[in-house]
Structure formats: C-alpha cells, structure tokens
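Here are the chains, one letter per residue:
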Amino acid sequence: MWGAYFITIIVPIVSAIEVTIPLTAPSGAASLMGNLVSLSIEQDRWTDWAGTTEPNTFFNNVLDNFIQITNTPPFVRIGADSEDHTDFSYDVEYSEDIFPPPSTIRPYPEATNITVGQGFYTIISHLPNGTQVHWGVNLRENNLTVAYLETVALMNAFSSPAVIEKHITLKYIEVGNEADLYHHNNGRDSSWNVQEYVSQWEEFAYNISTTANISKSCYTKLIGAAFAESSHNNLSGFSPQAIFNLGILESPAGQLIETISQHHYSGSFCTGGGAVLQDLMTKSYIRGNISMFSPDIEATSARGLNYILGETNSMSCHGAPNVSNTAGAALWLLDYTLYATQVGISRLHFHDGIGYKYNLIQPMTLNYSILDGSPIAPLAPHIQPAYYAAIIAAEAIGSSETTQAIEIHIDEDNVSGYAFYEHGILSKAVFINLAAYLPDAGARNSTHIDFSFTGPGYAPDDMCVKTLEIGYASDTANLTWGGQTYETSDGRVSGPLTVDVLPTCSGLDLQETEAILVTFV
C-alpha cells in the first residue's frame, strides 16, 4: 500500500510598487540639519558619559562618527528627570548620587537625589569640538538658591578656556523638566495648574537669565515648555498654546525663548506588560505619534519659534525589553525621525541613560542585565541597534548644509520612503520596510520598488544602494550597514564597505525588516 506524502513549500511573496520622485525639491520641502538625530542624557550619571579626570573615549568616538559624516556633532541635552533632583554644593567635586533600589522594570533607576559640584559642569570640555549643549536647571524644588548656584556653575564651565578652545557652547538653558507632571510626582500639590507654572517659570527664568547675563542678542537662549504631554488647543491644560495664551512670551524671560521643546514616548513600560515589537514598528502608529502634535507645531511656528522633541524614545520608563533594544526599534527610530521632519520638527533628542533599554549608546561597562537587572558578565561599552538608524539619517543628510527632504507617497502599510535634495537637486532616497520579520515566520517577503521621476532636471541613470542588513526584527546585535559594523570595542566602524551599483531602471528589492539608502548618480 502506498503512503501519501505532502511537502509544504514556503515561497516568499514579492509585491511591486512604483514610486514617483521629483527631481528638484518641491516648495515646502523640510530643511534638515546634520544634528537632526541628537541626544538627551539623564543627568544623574553624566560623569559616566563624559568622564571625570579624562574623557570617555568610547562616547567621544561614537559622537565623532557623526562628525565624520555630517561635519556636525549631535546636539547634547543634559537633564531630564534627575535635573529636577539636583542640588549644588561647593564641597562636592563632581557628583554624589542617591539611587532607589533597582527593579525588573527599571534595572538602572534614576537617582532620587544628586548633589553636584563645579567639576560636574566643567567636564563638558570632554565633548567633541563644536558640540552645542542644552542643560536643565532645577525648578521642581522651588528653590531659587539652588537654581542660582547651578546657573553660576554652568556659566563658569562654559566660560572656561578648555571649553572655549573647543567651541563647545551652551545654546539653551531649560528651566524645569516636565513641570506638567509635578502634581503627579509630589513636586507640587493637586492644585498645580498652567497659570501657576507660568508665574513660577517666569520668576525662576528671570533670575536664571539675569545670573547668566542672557539677553536677546546673546547666543544662549531659554527652552520653552519641556512638557511630558500636551493639552494642545485646550488652554486650561499644559501646552505651548496655553502658555502663549498666558503671555509667557511677553515676559522678560519669555522673550528669551527661542525653541519650544516637547517630550514624547510612543508607549509606556512603567507598569511592565507585554509590548509588541510590530506595534512599535507599524507605519500608521509612527505617524499617529508624530502628527498628534501638529496643532502645537503650527502654533509655535506662528510665533516664529523652533519646535523640537527635546526628549523622546520608544517606550517610557527606559524602554520595553526585547522591543526597545532591538533591530526593529532601529527601523522605528529611522522612520519616526524622518517623518517628524515632515510636520515641522527640527530636531529630536533621543533619551539615553546608563543601562536604559532604549539607548542608542551604552557608554560604560554594565554588570547587570538591562532587561531585568540580573547579574551578567561585565559587558563593555557598546552601541545598540538604534545607533544604526542615527548613522543612516546622518548619511542621508550629509555635510552640504543645504539638505531638504520630502516623504515619498507610498500606498503600502509597511513601506516608507523619503527623498533628499542638496542644493535643490535630488541626491538620495531612503526606503524602510517596517514589517517585522521574526524567527519562525517562514519565507521573508519583499517589495520591489520601481522609480519614475517628475519635474525639471535629468533623471539619474544609476544608483548606489547601501543596505541595513538585519537577521530578525528581534535581533539585538549583529546588524551591518553596507556590510560594515559599529559593534566594535572602540565604537568605530569596521569591515569592508559593500555598496551595490545598479541601473535606476532596474529598481530595487526591499525585504521585510530592512532599510536601504539610495544615492542617485
């Protein structure tokens, strides 16, 4: 008797689309600076990032990688939650921190009290030449003396010969971090509202700006808002519109506001729970997390001010395990960043702290797991997958200082694309496939992309294609960018560069969980 045998053949699905790209920058194309992707550093362990007696070489190397690409160092914000738990003492050299016990949700918690001395600020000289800095001053404690002493120390540091020689500058002072949450974190009582905030901010900011000798003609300016959430056009809550309505910009200190900062995370892991990687990577979810701020951006732009995400990342409370630290999160960061430029966000500061799951960079040796706090063999300084996204954005922008970008219309749920222009002429494009390819998923599907070009100019005959190669969306290491790795002991790129040169008419194939940079030639 013959038996019946069945063989299942899994065949990858290849879909095909055609994208239309203007050859010259359309009116209204967003202008992009080389420091579009920048950093926000949790202040409590600033000394670990910068180094005390000598610079942190690894951290400087991974910052310098961006300078090599764009001629611009990332903007560095120092502050966040611990900014509002910082006191100053002339008896402390660098810093003395008090930390709460670690937990499985926060294996590396923020300090609940930080006492700093002059050296804490002076080590800003360890950053790369030309770094612009945005530094937070304590508002939550409602102590003008603390704010005064911190400001004096800040100005002493930035007027020191070592800092001046390296052209490291204090661009912004931020007065208070996420003051809209003060009534939740015992910073203020339950009656705390936006009217009280504006009144207190104006008092503190006036004293800080006077101490720092900041005027309208000065390079250093003040950051506005820095709220965790936004009530948007509801003027009874906390939002740029609400503080504008209360006249903050007409106050002496408010006239020194040049930029409005919003903080935002795409989800939360503050109570644990099962975050899903594909949810984070979903194209519509990314757009919803950015476009919600459109009313705020429009109101800010109408006042002639810049709008940034001064603190952002994937999941609040330091990220979700096996989501925020993965290759999929790198694709999220790339699409999130580039889409943000399309609605008027001029810079994004991705928040990093020692041992945080969503970090781009881990700048020091870790002895406990970032996922659950369990002991591990010492893990040397290293980059995490999201760092690759920052590198790709930097390469797309380049060093011309004329780069503009538009989103390419792609009617696909999981494929995004952006065109880049230098001196108004099409130069590059980035394509991202946000479908999460995971272990046991079977065949890996792809999308074939053909090009058509519109408008005046010469259609390119050829293109150089550079690929972010990822095994699975859940991978936490072993990514390569153009065949090269940044997962090295010194943070420098290593390995032979691989770039495919193809005729433009052939189009290209974009796999699930993949990003490609096209340079038109």
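Use the structure listed above.
An account of the accompanying structure is given in this report. (Residues numbered from 1 in each chain as written. Predicted model: local features only at pLDDT ≥ 70, side-chain atom pairs only at ≥ 80, totals over all residues. Heavy atoms only, no water.)

## Concerning the overall build of the chain
We apply this condition: A helix here means a DSSP run of H or I that spans at least four residues, while a strand means a run of E at least two residues long, and both kinds are numbered starting from the N terminus. Put simply, the radius of gyration uses C-alpha atoms, and a globule should come to 2.2 Å times the residue count raised to 0.38. For every residue, the accessible area obtained with a 1.4 Å probe (protein chains only) is divided by the maximum for its type, and the residue is called buried under 20%, exposed over 50%, and partly exposed between those limits. Residues count as neighbours in contact if any of their non-hydrogen atoms are within 4.5 Å of one another. The Shrake-Rupley method, run with a 1.4 Å probe sphere, supplies the accessible areas, and residue values consider only the shown protein chains as cover. Neither His nor the chain ends contribute to the count of charged residues, in which Lys and Arg are positive and Asp and Glu negative. The atom standing in for a charge is NZ when the residue is Lys, CZ when it is Arg, CG when it is Asp and CD when it is Glu.
A count of helices and strands for the chain gives 12 helices and 26 strands. Against the 2.2 N^0.38 benchmark of 24 Å for 521 residues, the chain shows a C-alpha radius of gyration of 24 Å, consistent with a compact globule. Based on the C-alpha atoms only, the size of the chain along its principal axes is roughly 85 × 60 × 45 Å. A buried classification covers 59% of the 521 residues belonging to the chain. Put simply, of all contacts in the chain between residues at least 6 apart along the chain, 77% involve residues at least 24 apart. For the chain, the computed accessible surface area is about 20300 Å², with 51% contributed by carbon and sulfur atoms. A gap of 4 Å separates the mean positions of the 18 positive and 54 negative side-chain charges of the chain.

## Structural notes on the nonpolar core
The test is simple: The term nonpolar core refers to a set of buried residues drawn from Ala, Val, Leu, Ile, Met, Phe, Trp, Tyr and Cys, joined through side-chain atoms within 4.5 Å.
Judged by nonpolar contacts, the single largest core of 130 residues is most densely connected at Trp46, Ile124, Trp135, Phe158, Ile173 and Tyr197. Excluding residues within four positions of it along the chain, Ile173 makes contact with Trp135, Val137, Leu154, Ile208, Ala212, Ile214, Thr220, Lys221, Leu222 and Ile223. One finds Ile17, Ile449, Leu508 and Phe520 within the second-largest nonpolar core, a separate group that totals 23 residues.

## Details of the packing of helix H11 (residues 327–342) against helix H12 (residues 386–397)
Spelled out, the test is: Note on definitions: angles span 0 to 180 degrees between N-to-C directions of axes, and those axes are lines fitted to C-alpha atoms, for helices only across the stretch in contact. Crossings are classed by handedness, with left-handed meaning an anticlockwise turn of the near helix from the far one by less than a right angle and right-handed meaning a clockwise turn. Residues were grouped as follows: Ala, Val, Leu, Ile, Met, Phe, Trp, Tyr, Cys and Pro as nonpolar; Asp, Glu, Lys and Arg as charged; and all remaining residues, including Gly, as polar.
Put simply, H11 and H12 touch, their axes get as near as 7 Å, and they point 35° apart. Handedness of the crossing formed by H11 with H12: right-handed. Residues Ala330, Leu333 and Leu334 of H11 form the contact with H12, whose participating residues are Ala386, Ala389, Ala390, Ile392 and Ala393. When its residues are assigned to classes, the contact of H11 with H12 shows 8 nonpolar, no polar and no charged.

## Regarding the pattern of salt bridges
So the rule is basically this: Each reported salt bridge corresponds to a side-chain nitrogen of Lys or Arg within 4 Å of a carboxyl oxygen of Asp or Glu.
Inspection of the entire model under this criterion finds 12 salt bridges. Note that Arg287 and Asp335 form a salt bridge whose closest N and O atoms lie 2.8 Å from each other. You can see Arg287 sitting in helix H9 (residues 283–291) and its partner Asp335 sitting in helix H11, a full 48 residues away along the chain. Asp335 matches Arg287 in its accessibility class, with the two residues each being buried. One salt bridge in this structure joins Glu407 and Arg287, with 2.9 Å as the shortest N-O distance. You can see Glu407 sitting in strand E18 (residues 404–407) and its partner Arg287 sitting in helix H9, a full 120 residues away along the chain. The class of Glu407 is partly exposed, set by a relative accessible area of 28%. The class for Arg287 is buried, based on a relative accessible area of 12%. Through salt bridges that share partners, Arg77, Glu83, Glu174 and Glu311 make up one connected network.

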